[in-house]
Amino acid sequence: MTIRVKGGVIYLEGSCPVEDAEPLLVALQAAATPIIDVARLERAHLAIAQLLIAAKPKIVGKPEPAFVREKLMPVIAESI
Amino acid sequence: MDELLEQFLIEGRELAGEAHDAVRTLQSKPDDRSAIDALFRALHTLKGSVALFDMAPAEQVLHASEELLAQLKKIDGAPSGAQRDALVAVIDQVDRWIDEVERSGNLSDASTSIALELMVSLGNDGELEIGDPGQGTPWLAQLLARPRLAASIPSTGATAFRYVPDADCFFRGDDPLATISAVPELLAFVILPAGEWPSLDEIDPFQCVCVVEGVSSADLDAVRTAFRLVPDQVVLSRVGNVGIAPAVVQFSEVTTVLRVEGKKLDRLARQAGELVIAVHALDGLAERTDGLDRSLAADIRRAQSAIESASGALRASIADVRLVSLSPVLRRLPRLAREVASGLGKEIDFSINGETTEADKQIADGLFEPLLHLVRNAIDHGIEAPGDREAAGKPPRGKVVLAIAPSGDRLTVTLSDDGQGIDPERLRRSVTAKGLMTSDAAAALSDAQATRLIFAPGFSTAQTVTDVSGRGIGMDAVQMAVERLQGSIDVESTPGSGTTLRISLPLNAITTRLLTVSAGGELYGLRLDQIAETLRIDAADIHAVGQGEACVVRDRTVPVVNLGQLLGHACENSPTARLVLTEATGELIAVRVDALGERLDAMVRERTGLLSAVPAIGGTAVLGDGGVLLVLDLPELVQ
């Protein structure tokens, strides 16, 4: 499981496949003001990315891999 | 003006011109492969150029044209007549849009519907791309409007893509983001909602509801390879500086082309001309020295001759630099001619021969306006409506031909049409009715002279006034414009079968050949191109005729006017009369002068300031001794 919810924060960790979309959606729906920590995110499926854009959560953390950090996260942050 | 836009205005029009040239070749040789290739290249590059500006409809129609040509190329086919017409309409419209962007920076609201009409005429149903999931929207323009993407495009250009994954692609195991991350040299991308972003309550987490657009600095093929598994879900295009054609560099012989502001060249030419004249000052110096020291005078003459030959070479080089092809000036005429014709419900074939002829920049610049007016007139007043033409036994399409050819040091521009011609009788009636001439005077005009009445100020021949060439004002303006370029214009017409206008212009306009004459004790310059010949006759052979005088030159009676008298000086009555014959007004007139002087090349400056109010003065020239010579305008003077 690459999705973990702890203390009201949704952690995305490692490589998040399409299957994570459903639990992520559930977690997003459950939180009043969702906070996503992406510090340990390595890869995300487009299904995850589009959920993040649609849900407009607060995003914290800087992922390691260059593509996620420099290309994907700014796009998501900008769309929110 | 923005430098990029400025560059685009020049190159966009050049590309439109190239595309027209190719279509013209295809009109005579429909399956000319190299013309199809040239057309494809021009339209493709133009498409890249318009994408940089707010010109989405232009991009759309160019894309559709390119598609049409690509299909033809695939099957080795040739465009049909209707397809060629449609392509001409596309190029004309893009040319018009370039004008619009120059004027207002963007395209009017009407352009979208114009684009759709053009696409229908191209046989395209209005969809931008076959298989394009963008639903016919001009995706590239929208993509370029996204700051993140636009800002990342380097000056060397980029490949733009729009990837619209199928809604159910996640089920098939596709991960579009993985595909995007594999795009080589990815610069930036954005994730956009396919429609509106659904709310969390409505969203299906396993359905793709977004679109990805991005840019890469890799070339088109490399980016296409990254999308090889989803070719039907992506559209690609080069953007950035692709419209600015790379300079053709031949390593064996590198040619550098500079664009120089015309004004700088004008100044250089003027200064070189002044140098030529300044050298004349040495003439007088050598003469004065002659009496004192013959060997010093000889040295001065040698130095003078060396400077003269160097300044002559300099002038020739500058004249050569100033020679420009007329084609950029004439490029817009065919489109404007078609517009005029369709506005009047007439059908024409307009062709230009010799448009690559080179002439001095000043001539090239000054030629467009008068030619445009002549072409308008030919279509408006010359070419008949299709029905009238058929009734007269002519083909319904009228022919208007513009031919340009150098002849010696002159440029001959001929505009002929196969229209109704000019009826001299109607002109005589018209000029009398307007009270511009008595009926006797009008009747005394030869047919050729009567035909020239079209150049009379304020003269109109159209039965109905049209908004195209107005009330005929302008033919006199055309004549003035041509004369300002030191040219002359003539008209020949055969009623019922057509009219030919012939303009003769100098190829080089830097210095003017002058003949100095004296009259009433003053020295004047006359332009050699306005002089048919000079001759001396016995003053007794000049006879009084009516109010004036005349003499006989080779069995022709020629009116004689006295230059001194015309200019308000006392009349000289020497037994030998020196005459300057001019034909500049269409008929031969002899101008009597006191003495004929020397011939010289001089820079004639257009009359300015106070002198501009004096009609008979064509300009001024500075003489070798620093004195100013008044250059007379013979046609204006004797009229």
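Our subject is the structure that appears above.
1. Brief notes about the overall build of chain A
1) Next: Scanning chain A from N- to C-terminus turns up three helices and four strands.
2) Next: Mapped from its N terminus to its C terminus, chain A presents α and β elements in the order β-β-α-β-α-β-α.
3) Next: Buried residues in chain A amount to 49% of all 80 residues.
4) Next: By sequence separation, contacts in chain A at least 24 residues apart represent 54% of the contacts at least 6 residues apart.

2. A closer look at the sheet that holds strand S1 (residues 158–163) of chain B
Residue and element names in this part refer to chain B.
1) Next: With antiparallel pairing, the four strands of this open sheet are ordered in space as S2-S3-S1-S4. Every other strand in the sheet has two partners, leaving strand S2 (186–193) and strand S4 (234–239) as the edge strands with one partner each. In this sheet, neighbouring strand axes are inclined to one another by 15 degrees on average, regardless of whether the strands run parallel or antiparallel.
2) Next: Bridge analysis of S1 against S4 gives six bridges, and the strand direction is antiparallel.

3. Observations regarding the nonpolar core
1) Next: With 50 residues, the main nonpolar core has Leu12, Leu24 and Leu72 of chain A together with Phe161, Phe189, Ile191 and Phe227 of chain B as its most contacted residues.
2) Next: With nine residues, helix H2 (residues 46–55) of chain A is the largest single contributor of residues to this core.
3) Next: When residues no more than four places from it in sequence are discounted, the contact partners of Leu12 of chain A are Thr2, Ile3, Leu24, Ile36, Asp37, Val38, Arg40, Leu41, Ile48 and Leu52 of chain A.
4) Next: Residues Ile352, Leu371, Ile404 and Phe455 of chain B belong to the second largest nonpolar core, which totals 48 residues.

4. A word on the interface of chain A and chain B
1) Next: Opposite the 25 residues of chain A that make contact, chain B presents 27 residues.
2) Next: Summing the contributions of chain A and of chain B, the shared interface buries around 2,200 Å²; its carbon and sulfur component is 71%.
3) Next: A per-residue breakdown of the area chain A buries against chain B is headed by Leu46, Gln50 and Phe67 of chain A, which together make up 28% of the total.
4) Next: Between Glu78 of chain A and Arg148 of chain B there is a salt bridge, and its shortest N-O distance comes to 3.2 Å.
5) Next: Viewed at the interface, chain B and chain A are joined by seven residue pairs in polar contact (both at pLDDT 80 or more).
6) Next: The leading source of residues in the side of chain A that touches chain B is H2 of chain A, at eight residues.

5. Quick word on the packing of aromatic side chains
1) Next: One pass over the structure, following the stated rule, counts four aromatic pairs over all chains.
2) Next: A ring pair is formed by Phe67 of chain A and Phe189 of chain B, whose centres lie 5.7 Å apart and whose planes are at 15 degrees; its orientation type is stacked. With Phe67 of chain A in helix H3 (residues 66–79) and Phe189 of chain B in strand S2, this pair bridges two chains.
3) Next: Classification of Phe67 of chain A by relative accessible area gives partly exposed; the value is 22%.
4) Next: With a relative accessible area of 1%, Phe189 of chain B lands in the buried category.
5) Next: An aromatic cluster is built from Phe161, Tyr163 and Phe227 of chain B, whose rings are joined through pairwise contacts.
6) Next: Over the aromatic face of Tyr11 of chain A sits the side chain of Arg4 of chain A, whose NZ or CZ is 4.6 Å from the ring centroid.

6. Brief notes about the pairing of strand S9 (residues 410–417) of chain B
All names here are of chain B.
1) Next: For S9, the buried fraction is high: six of the eight residues fall into the buried class.
2) Next: In terms of strand pairing, strand S8 (residues 398–407) meets S9 through eight bridges, oriented antiparallel. Of the residues in S9, the one forming a bridge with Val400 is Asp417.
3) Next: Hairpin connection between S8 and S9: a loop of two residues separates the two successive antiparallel strands, and Gly408 in this loop has a positive phi of roughly 65 degrees.
4) Next: Both S9 and strand S11 (residues 498–506) contribute to a ladder of eight bridges, which runs antiparallel. Across the sheet, residue Val413 finds its bridge partner in S11, namely Ile503.

7. What to know about unusual backbone geometry
1) Next: Residues other than glycine seldom take positive phi values, yet Lys56 of chain A does so here, at roughly 50 degrees.
2) Next: With relative accessibility at 46%, the residue Lys56 of chain A sits in the partly exposed group.
3) Next: The phi torsion at Glu185 of chain B lies on the positive side, around 50 degrees, for a residue other than glycine.
4) Next: Here Glu185 of chain B is to be found in the loop between helix H8 (176–181) and S2.
5) Next: Owing to a relative accessible area of 51%, Glu185 of chain B belongs among the exposed residues under this scheme.

The rules we used
- Each chain carries its own residue numbering, running from 1 in the written order of its sequence.
- A letter from A marks each chain and a number from 1 marks each ligand, given out in the order of writing.
- Under the rules for a predicted model, residues below a pLDDT of 70 receive no local features and side-chain atom pairs below 80 are neither given nor counted, while totals for whole chains, interfaces and linings still include all residues.
- For the side-chain quantities, the full set of heavy atoms in the structure was used; hydrogens and water were omitted.
- Helix and strand definitions follow DSSP, with helices as H or I runs of at least four residues and strands as E runs of at least two, each counted in order from the N terminus.
- A simple rule labels every residue: compare its accessible area, found with a 1.4 Å probe on the protein chains alone, to the largest value its type can have, and call it buried under 20%, exposed over 50%, or partly exposed in between.
- Residue contacts follow a heavy-atom distance rule, with two residues in contact if any of their heavy atoms lie within 4.5 Å.
- Think of it this way: DSSP has to see at least two bridges between two strands before they count as a pair.
- Fitting a line to C-alpha atoms yields each axis, with helices limited to the stretch in contact; the angle taken between N-to-C directions then spans 0 to 180 degrees.
- Residues grouped as a nonpolar core are buried Ala, Val, Leu, Ile, Met, Phe, Trp, Tyr and Cys residues, joined through side-chain atoms within 4.5 Å.
- A quick way to say it: buried area is the sum, across both parts, of accessible area lost when two parts are put together, with a 1.4 Å probe.
- What makes a salt bridge here is a side-chain nitrogen of Lys or Arg within 4 Å of a carboxyl oxygen of Asp or Glu, nothing more.
- We call two N or O atoms a polar contact when they sit within 3.5 Å, provided that within protein one can donate a hydrogen and the other can accept it, with sequence-adjacent residues counted only if both atoms are side-chain atoms.
- Aromatic pairs are defined between Phe, Tyr and Trp rings, using the six-membered ring for Trp, whenever the two ring centres lie within 6.5 Å; interplanar angles under 30 degrees are classed as stacked, those over 60 as edge-to-face, and all others as tilted.
- Note on criteria: charge over ring means Lys NZ or Arg CZ within 6 Å of the ring centre, with the direction from the centre no more than 35 degrees off the ring normal.

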